[in-house]
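# Residue-level structural notes
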Amino acid sequence: MIGAVVCLGLAAIGTFSDKPGIGQTETDDSEPTVNENAPSLEISKWDDDDGGLSTREVVNRNLDSTVVLTIYAQNATFQFGESTLTKAGSASGIVMTKDGYIITNWHCVTNENTGLPFDRVDVTLYNGKEYTDAKIIGADESTDLAVIKINANDLSPAEFGDSSTLAVGDRAIVLGNAAGLSWTATQGIISALARDVYEDTGYAIKCLQTDAAINPGVSGGPMLNNQGLVVGINSSKIASSGYEGLGFSIPINEAKVIIDSLLKYGFVRGRVALGITGKTISSGMYNGFMISSINDGSSLKGTDVQVGDLIVGVDDAEITSFADLRSELAKHKVGDKVLLKLLRSDGRTGRVSSFSVRVTLKEQTG
């Protein structure tokens with residue numbers, strides 16, 4: 001992991017603390033709903049023997065396929081017990097299909113303070129046309145990818161290019177809603193091809209690095225090559241005043257399998273989950289992941305595990321944080337059995353006891 005990384009999608013909100021992805025999922029034994037008519041992300045081969053398009057041509061080619069997202073959340077009023085829908089920030093998106101499927105980031109459609117979808121996401125096209133209350137088709141926290149849909153039939157889809165053919169030094173053009181300044185374009189080069197800028201989730205995608213400016217609000221927008229093809233989905237930037245020219249984008253080839261699964265199932269198939277919520281505990285003496293709730297269908301249902309127990313180990317691995325737990329679970333597949341090591345504190349005496357349970361991992365479906 002490189003430095004301190006923060007996802008940049010909501011220009012008006014700023015940074016958020018990490019929320020436990022395990023705590024945002026439900027597991028059950030029912031078969032998922034499948035959209036058999038879901039589109040698939042199509043990727044084109046390309047070469048730059050001709051030197052490519054001018055920057056102006058690249059930008060003009062993608063204005064209509066880049067959209068602005070405006071995000072709203074309910075803002076509760078303590079004194080009167082009422083809530084109002086207020087603007088929470090803005091982000092970007094990429095039109096994938098003519099009939100309204102749009103690619104963006106997980107953090108652009110999910111309130112990281114609650115782990116729940118934002119209350120409303122509106123979409124604005126370059127021609128000024130607005131679509132309110134887009135539907136979230138699927139969102140994946142581990143890779144920071146999401147797909148939404150609006151009711152449209154005449155959009156201008158982007159064209160997607162093979163990111164595996166990129167090389168360090170290739171031109172990179174970024175387009176998006178930078179700090180609320182819609183359809184801002186910046187240009188740089190591909191600085192590196194496979195940077196590990198996420199927490200180690202086991203699912204995270206190694207990102208393209210660029211010195212093109214990627215500012216808050218650009219997340220979810222396109223990184224374009226010199227042919228005007230989308231080769232990356234902008235996602236994050238090193239968050240420090242001491243760094244400049246370090247932006248990151250998710251390569252489109254690696255994003256394809258995630259996006260296609262979100263389109264077809266609404267989630268990424270094959271991911272494991274315990275079906276719990278909780279938080280990291282770092283008390284000095286005891287460190288681990290404390291369970292706040294156990295969902296219906298959880299792997300822990302029917303065991304001796306209770307709310308308030310602290311997970312401190314998975315098999316032979318020590319667990320001191322949510323990141324540790326997520327990383328260890330990602331090494332397994334659905335149906336695997338793992339040994340959880342836990343601590344329990346007696347609220348009356350303060351005595352701490354340890355115990356272990358063996359559980360079968362289920363599929364993350366939400």
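Since the structure is predicted, the reported quantities are computational estimates derived from the model, not experimental observations.

## Details of the pairing of strand β20 (residues 276-282)
- Across seven bridges, the pairing between β20 and strand β21 (residues 287-294) is antiparallel. Within β21, the position partnered with Ile276 by the bridge is Ile294.
- Here β20 hands over to β21 after four residues, with Gly284 in that stretch at a positive phi of 95°.

## With respect to helix α1 (residues 55-62)
- By the burial criterion, the buried members of α1 are Val58, Val59 and Asn62. The buried residues of α1 all sit within an arc of 95° when viewed along its axis, so they share a single face.

## As for the confidence of the model for the protein chain
- Per-residue confidence for the protein chain gives a mean pLDDT of 86, with 86% of residues at or over 70.
- Ignoring residues within four places in sequence, the model shows residues 1-7, a span with pLDDT below 50, making 21 contacts including any to other chains.
- With pLDDT under 50 throughout, residues 11-28 is counted as low confidence; its partners more than four residues away or in other chains account for 60 contacts.

## Some details on the pattern of salt bridges
- For the structure on display, the rule yields 11 salt bridges.
- The residue Glu328 makes a salt bridge to Lys331 at a minimum N-O spacing of 2.9 Å.
- In this structure Lys331 comes out as exposed when scored by relative accessible area, which is 59%.

## Here we look at the side chain of Thr277
- Within the fold, Thr277 resides in strand β20.
- Of note is the side chain of Thr277, whose polar atom sits 2.5 Å from the side chain of Ser293.

Rules and cut-offs
Note that residues are indexed from 1 along each chain, following the sequence as it is written. It should be noted that, the model being predicted, local features are given only for residues of pLDDT at least 70 and side-chain atom pairs only at 80 or more, the latter also being counted only at that level, while totals for whole chains, interfaces and linings use all residues. As a rule here, side-chain values cover all heavy atoms of the structure and leave hydrogens and water aside. Pairing between two strands is assigned when DSSP locates at least 2 bridges connecting them. Comment: elements are numbered from the N terminus, with helices defined as DSSP H or I runs of at least four residues and strands as E runs of at least two. Throughout, exposure labels follow a simple rule: accessible area from a 1.4 Å probe, protein chains only, divided by the maximum for the residue type, with under 20% read as buried, over 50% as exposed, and the rest as partly exposed. Our arc is simply the arc of the directions from the helix axis toward the C-beta atoms. Note: pLDDT gives the predictor's confidence per residue, expressed from 0 to 100. We call two residues in contact whenever any of their non-hydrogen atoms come within 4.5 Å of each other. Take a side-chain nitrogen of Lys or Arg and a carboxyl oxygen of Asp or Glu: if they are within 4 Å of each other, that pair is a salt bridge. Two N or O atoms form a polar contact when they lie within 3.5 Å of each other; inside protein one atom must be a possible hydrogen donor and the other a possible acceptor, and for residues adjacent in sequence the pair counts only when both atoms belong to side chains.

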